[in-house]
Every structure is written in C-alpha cells, then in structure tokens.
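The chain contents come next:
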Amino acid sequence: LSKRGPIPTELLPATAAIDGAGRLSVGGVDLVELAEEFGTPLFVYDEADIVMRCRAALSSFPGGVYYASKAFLCKHVARLVTGEGLGLDVATGGELAVAQAAGIGGNRLTLHGNNKSEAELVQAIAYGVDRIVVDDGSEVPRIAATAAALSPGRRQKVLVRVTPGVMVDTHRFVMTGQADSKFGVEIASGAAERVIQAILSEPHLSLVGLHFHLGSQIFDLSAFEVAVSVVAPLLERYEIGELSIGGGLGVAYVEGEVGASFEELAARVNAALKANGLQDVSVTIEPGRSIVARAGITLYRVGVIKELSTGTRYVAVDGGMSDNPRPVLYGSGYEVFAPGAAASDRDVPVRLVGKHCESGDVVVEDGALPTGIGPGDVVATPVTGAYGYSMASNYNKVPRPAVVFVRDGKARLVLRRETYDDLMRLEV
Ligand code: LLP
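What this report covers is the structure whose coordinates are included nearby. Remember, predicted model here, so these are calculated numbers, not experimental data. Each residue is numbered by its place in its chain's sequence as written, counting from 1. Totals for whole chains, interfaces and linings use all residues, but because this is a predicted model, local features are given only for residues with pLDDT of at least 70 and pairs of side-chain atoms are given and counted only at 80 or more. Side-chain numbers here rest on the full set of heavy atoms in the structure, without hydrogens or water.

Topic: the pattern of salt bridges
Basic side-chain nitrogens of Lys or Arg form a salt bridge, by our definition, when they fall within 4 Å of a carboxyl oxygen of Asp or Glu. Under the criterion given, the structure shown has 21 salt bridges. For the salt bridge of R53 with D49, the shortest nitrogen-to-oxygen distance reads 2.7 Å. Separated by 4 residues within a single helix, R53 and D49 lie in helix α2 (residues 47-60), roughly one turn from each other. Under the scheme applied here, a residue whose accessible area is under 20% of the maximum for its type counts as buried, over 50% as exposed, and between as partly exposed, the area being computed with a 1.4 Å probe on protein chains only. By relative accessible area, which is 0% here, D49 ends up buried. The way it works is that DSSP assigns letters per residue, a run of H or I at least four long becomes a helix, a run of E at least two long becomes a strand, and they are numbered from the N terminus.

The following block contains the structure:
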C-alpha cells in the first residue's frame, strides 16, 4: 500500500472544482452536501462531462455515434445522448424497453446481441429499430421473416458483425475481436462472406455495413488498424458503405493512466481505410465507457476502520461489490479520495472494502486517504460512470444506490434509491 498526492484532476469530471477549503464540487454542487441530501452510496454524474464527450465523439465520427447503452442506461441518459445527436446501441429487449420508455425513436436505435430471441426481434422490428447487427448466419432468415411480417413496406437495415481475429491487450473477459469468440461471424473461414451473400439475396433486408468490436478498455489503437485491414477486402468486394468499429476506447481509472481520444482513433481508422484503398467508407462508432465513465463518481460513507497488526488499514464503506463489481470481476483498479479534503495529500494508505460477506469485496485494493478521515466521513471513487450501476446487483439484499445528475448548480435525481419494498417486489 502506498501514499499519494491529492486526487489528480484528470480523473475527475469536467466541471470538478476544488474551493479554498479543499471541498470538491461537480456541476456547481458540493459533493459532501449531495451525500447529506441523497444519502450514500450515491452515483453522481456530471451532465456537462457527458455532453462534452458526446460532442467530441460526433465531431471525430460524423458518420454516426451510437452510445453503447450497456455502460449506463436510464431514461435520462438515453434522452441526453440522443438530444446531442447520438444514436443508441441496445443489446437486449430490456435495454430497448428503456429506450422505448424514454421515447427514443426507432430511427435512433441499433439492436445488438449474440442470441437475440424471437420476442426481441419482434419487439425491435415492430418498434421500427433502424439497424440490426447480425451476429450469426441463422439470424438472416429470422430477421427477414419478421421484417416481412411486421413491416412489409420497408427493408430492414442490417450490419454484419465480423470477427477480424485481432487480439487486444485487455482483460480476457472483455476481449471480443479474437477469432475464437462467441460474438460475430468468422472472416477467416468464409462464413462472413456467406452471411453477406445471404443478406444480399433477401428482399426484406438491406445490408448497410460491417461491424466489429475488438474489446473494451483498449489503449493500443493499432488493433483497430489491423482490424480495418482484415475487413477491407469485404468492404471493397461488396461495396459496403459503412464500417462500425464498435466501442473499446480506453479510459484512465488510476493515476498515471492516459485515456485514448476519439480524435486519434478516428485519424488512425480513416488513415487505415485509405491505406487499404477505401475512400468512401463512413466510419461509425459505439462508445460506452468513453462517454460516461469519467462523468461518474460514487460517494460512500466510511463505517468501520480496522488497523491490522500486518499494517493494512481496512476502511469499510456502505456499498461495495453490489455497486461496483469491476474490481472483483476484472481486478480493476480505482482511486479513492475525500471530497471534503480534495486538495490534501492522501498520506494514509488504505484498502477500501465494502459491506458484503466476501473477502473479495474490495473497492480499492491499494488506495490512500488524507490523515483524519474517519467513520462518518464521505469518501469517493472517481471514474465509476460506466459498468458500475449497469452491473450493480442486490447481493446481500443491499438496495441499489440512487443516481443523481448535476449541472449548473442543480442536482436532479434520475434513479431513486431502492427500498426494502423494492427488494420484496418479486416475491409471490
Ligand atoms: N459495442 C459493442 C458491440 C459492445 O459489445 C460494447 C461493449 C461496446 C460497443 C461498448 O464498449 P466500450 O466503449 O464501453 O468499451 N463490463 C465490462 C465491459 C464490457 C463491454 C461489453 N461490450 C467492464 O466493466 O469493463
């Protein structure tokens, strides 16, 4: 365990500001006061940060940006990102249902999924989902038949998800572009080409693009260049006008990491297309993490602190693996800091743990907090906006936290805290 300086501002949302007393505000709202008002654990999102990233993505990828809603979805975020001109990538009927409830038009939506059910296809096509990403050849006749039955006057737009056979340097659970994957259609075996031909012969389908998704939390962008060179011959042979490069842009979580930018990714992908002789392919992207991760901060309240004879100082908070399963799932690293003393050195090494009945319930393995932080104080983990709330659970019957959006000095509750009644609502 090691000491640290103050929390680096590169890990905080765009509007984060520290006042003379060392208190951190986001969106003009003091975080310690937010914890008082809404309770803890609490997810706080900086709305301006999300808006800024939507705009950056769209200016680098004018062909189209589809927010990967799995990273964090609620009606408010669906409306916010589509209001900025993004589309929405939904991967299940449930994600689609939230988009529908938010009133997002089908023309903004792309349906993904490696195992789409009949009910999901019917739900999507009946709603008029603009694009469906074909993940297996067996889907071609199914989508065509459903489209013929439900929207006979319209050709359903589809993309084909291919596996370019590229390994990226990330955790193997979120690696997806390699040849041996449950996602997409193999290029190497000729399967992708057969699926393309099958689509071209279906009168109710219209092939608009190829898609790949190489994995998540990628820092080395050369994997995208290699993937482009693998799909280029198919784009050329079938005169396909769009390439969707999925998501995956890496985001900094801990001190010293530097996130990749939309601008650099776009430059490298466009250059790779050109190098492969393709001038007119429109590049689209499906960013999830890179849109919402840094906008989000989780606030916790400190409870028990144990100073062991081994030297480890365990600081327990009122959440844990139920609101952030990423450390236990992927060994992901986070920082911790005290929003009431955000300018202070973090000179006390700590291990931040949750309240769940598992030793693996660690939020920050190797963290540090300023001297004097004790029971009852508010601590925060930054960069929790992606795959935190969306993967949250009720383990140990811990209610899921509330989610608040802050902007221009105002806090807006967008998802209320779960209650014990909510925990009981499925009991029959
Ligand atoms: N498009 C497709 C088809 C995807 O499967 C994903 C993420 C994305 C886009 C968005 O990728 P992003 O820009 O967020 O990297 N739960 C894991 C991440 C799983 C990513 C799944 N697919 C985590 O917490 O690290």
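Some thoughts on the layout of surface pockets
Whether a set of points on the 1 Å grid over the protein atoms alone is a cavity depends on a 1.4 Å probe fitting there but being unable to get out, while an open set qualifies as a pocket with protein on both sides within 12 Å along at least five of seven lines; lining residues are those with an atom within 4 Å of a point. Grid points are joined across faces, edges and corners, and a volume is the space filled by probe spheres set on the points. Estimates place the volume of the second largest pocket at around 380 Å³. Along its surface, the second largest pocket is lined by 23 residues, and R53, G259, A260, S261 and S290 are the ones closest to its centre. Only α2, α9 (262-275) and α10 (289-292) provide two or more residues apiece to the lining of the second largest pocket. Here the element with the most residues in the lining of the second largest pocket is α2; it accounts for 5 residues. Each residue is assigned to one class: nonpolar for Ala, Val, Leu, Ile, Met, Phe, Trp, Tyr, Cys and Pro, charged for Asp, Glu, Lys and Arg, and polar for all the others, Gly among them. For the lining of the second largest pocket, the per-class residue count stands at 11 nonpolar, 6 polar and 6 charged.

Observations regarding the site of the ligand
Throughout this document, a residue counts as near a molecule or strand when at least one of its heavy atoms sits within 4 Å of that molecule or strand. Neighbouring the ligand are 19 residues; S216, E286, R289, R326 and Y387 lie closest to it. Polar contacts here mean pairs of N or O atoms no more than 3.5 Å apart (in protein, one a potential hydrogen donor and the other a potential acceptor; neighbouring residues in sequence count only if both atoms are side-chain atoms). Measuring from an oxygen atom of the ligand, one finds a side-chain N or O atom of R326 at 2.6 Å. Accessibility throughout is a Shrake-Rupley quantity obtained with a 1.4 Å probe, and a residue counts as covered only by protein chains that appear here. In the complex, the protein chains occlude 91% of the 590 Å² of accessible area that the ligand would expose alone. Class assignment of the residues belonging to the shell around the ligand gives a composition of 6 nonpolar, 7 polar and 6 charged.

Let's talk about the packing of helix α8 (residues 222-237) against α9
In this description, a line fitted to the C-alpha atoms serves as the axis of each element, helices being fitted only across the stretch in contact, and the angle between N-to-C directions of two axes falls anywhere from 0 to 180 degrees. For the pair α8 and α9, interaxial distance at closest approach is 9 Å and the crossing angle is 35 degrees. For the pair α8 and α9, the sense of crossing is right-handed. Along its contact with α8, which presents S222, F224, E225, V228 and L235, the element α9 presents L265, R268, V269, A272 and L273. Among the residues forming the contact of α8 with α9, the class breakdown is 7 nonpolar, 1 polar and 2 charged. The crossing is said to be left-handed when, going from far helix to near helix, the turn is anticlockwise and less than a right angle, and right-handed when the turn is clockwise. Should any heavy atoms of two residues lie within 4.5 Å, those residues are considered in contact.

Points about the packing of aromatic side chains
Any two rings among Phe, Tyr and Trp, with Trp reduced to its six-membered ring, count as a pair given centres within 6.5 Å; such a pair is stacked if its planes are under 30 degrees apart, edge-to-face if over 60, and tilted if neither. Enumeration over the complete set of coordinates arrives at 6 aromatic pairs. When the ring of Y45 is compared with that of F405, the centres are 5.1 Å apart and the planes differ by 15 degrees; the resulting orientation is stacked. Of this pair, Y45 sits in strand β4 (residues 42-46) while F405 sits in strand β19 (residues 402-407), and the two are 360 residues apart along the sequence. Relative accessible area serves as the criterion here: at 1%, F405 is assigned to the buried category. Residues F72 and F405 carry aromatic rings whose centres are separated by 6.4 Å and whose planes lie at 20 degrees to one another, so their mutual orientation is stacked. Note that F72 is positioned in the loop between β5 (66-68) and α3 (75-83) and F405 in strand β19, a separation of 333 residues in sequence. Judged on exposure class, the residue F72 and its partner F405 are both buried. Through pairs of rings, three or more aromatic residues link up here, namely F43, Y45, F72, Y389 and F405.

Quick word on the pairing of β19
Residues in a regular strand project their side chains so that they alternate between the two faces of the sheet. Within β19, 5 of the 6 residues are buried, which leaves the element mostly enclosed by the surrounding structure. When DSSP finds at least two bridges between two strands, those strands are taken to pair. Inspection of the sheet shows β19 paired to strand β20 (residues 410-415) by 5 bridges, in the antiparallel sense. From the neighbouring strand, V404 faces β20, where its bridge partner is L413. Between β19 and β20, which follow one another and run antiparallel, lie 2 residues, and D408 among them has a positive phi close to 50 degrees.

Some remarks on helix α4 (residues 93-101)
Listed in full, the buried residues belonging to α4 are G93, E95, L96 and A99. The buried residues of α4 occupy an angular sector of 160 degrees when projected down its axis, which confines them to one face. Contact partners of the buried residues in α4: β6 (87-90), β7 (109-111) and α5 (118-127). Among the residues trailing α4, G103 stands out with phi positive, at a value near 80 degrees. As used here, the arc is the angular range of directions from the helix axis to the C-beta atoms.

A short note on α8
Because an α-helix completes one turn every 3.6 residues, residues spaced three or four positions apart along the sequence face the same direction. To estimate how far a helix should reach, multiply one less than its number of residues by 1.5 Å. Its 16 residues place the ends of α8 24 Å apart at the C-alpha level, agreeing with the 22 Å of an ideal helix rising 1.5 Å per residue. Along α8, the helix axis deviates most sharply at V231, where the bend reaches about 40 degrees; the proline P233 sits within four residues downstream. Every buried residue of α8 is listed here: A223, F224, A227, V228, V231, A232, L234 and L235. Among the structural elements, β9 (156-163), α7 (191-200), β11 (205-211), β12 (242-244) and α9 are those in contact with the buried residues of α8. Among the residues trailing α8, E239 stands out with phi positive, at a value near 50 degrees. What is called the bend at a residue is the angle between a pair of axes, fitted to the seven residues leading up to and ending at it and to the seven starting from it.

Regarding empty space enclosed by the protein
Inspection of the entire model under this criterion finds 1 cavity of 30 Å³ or more. If you add up the space inside the largest cavity, you get close to 30 Å³. Lining the largest cavity, in full, are P41, D318, G319, S322, D323, S393, V398, P399, R400 and P401. When the residues that make up the lining of the largest cavity are grouped by side-chain class, the tally is 4 nonpolar, 3 polar and 3 charged.

Digging into unusual backbone geometry
In the segment running from T40 into P41, the intervening peptide bond is cis, with an omega of -10 degrees. Looking at the secondary structure, you find P41 in the loop between α1 (31-38) and β4. Despite not being glycine, N396 has its phi angle at roughly 60 degrees, a positive value. As for its placement among the helices and strands, N396 is situated in the loop between β18 (378-382) and β19. Take N396: its relative accessible area is 34%, and that puts it in the partly exposed class. Backbone geometry places K397, a non-glycine residue, at a positive phi of 55 degrees. Accessibility expressed as a relative area gives 54% for K397, which makes it exposed.

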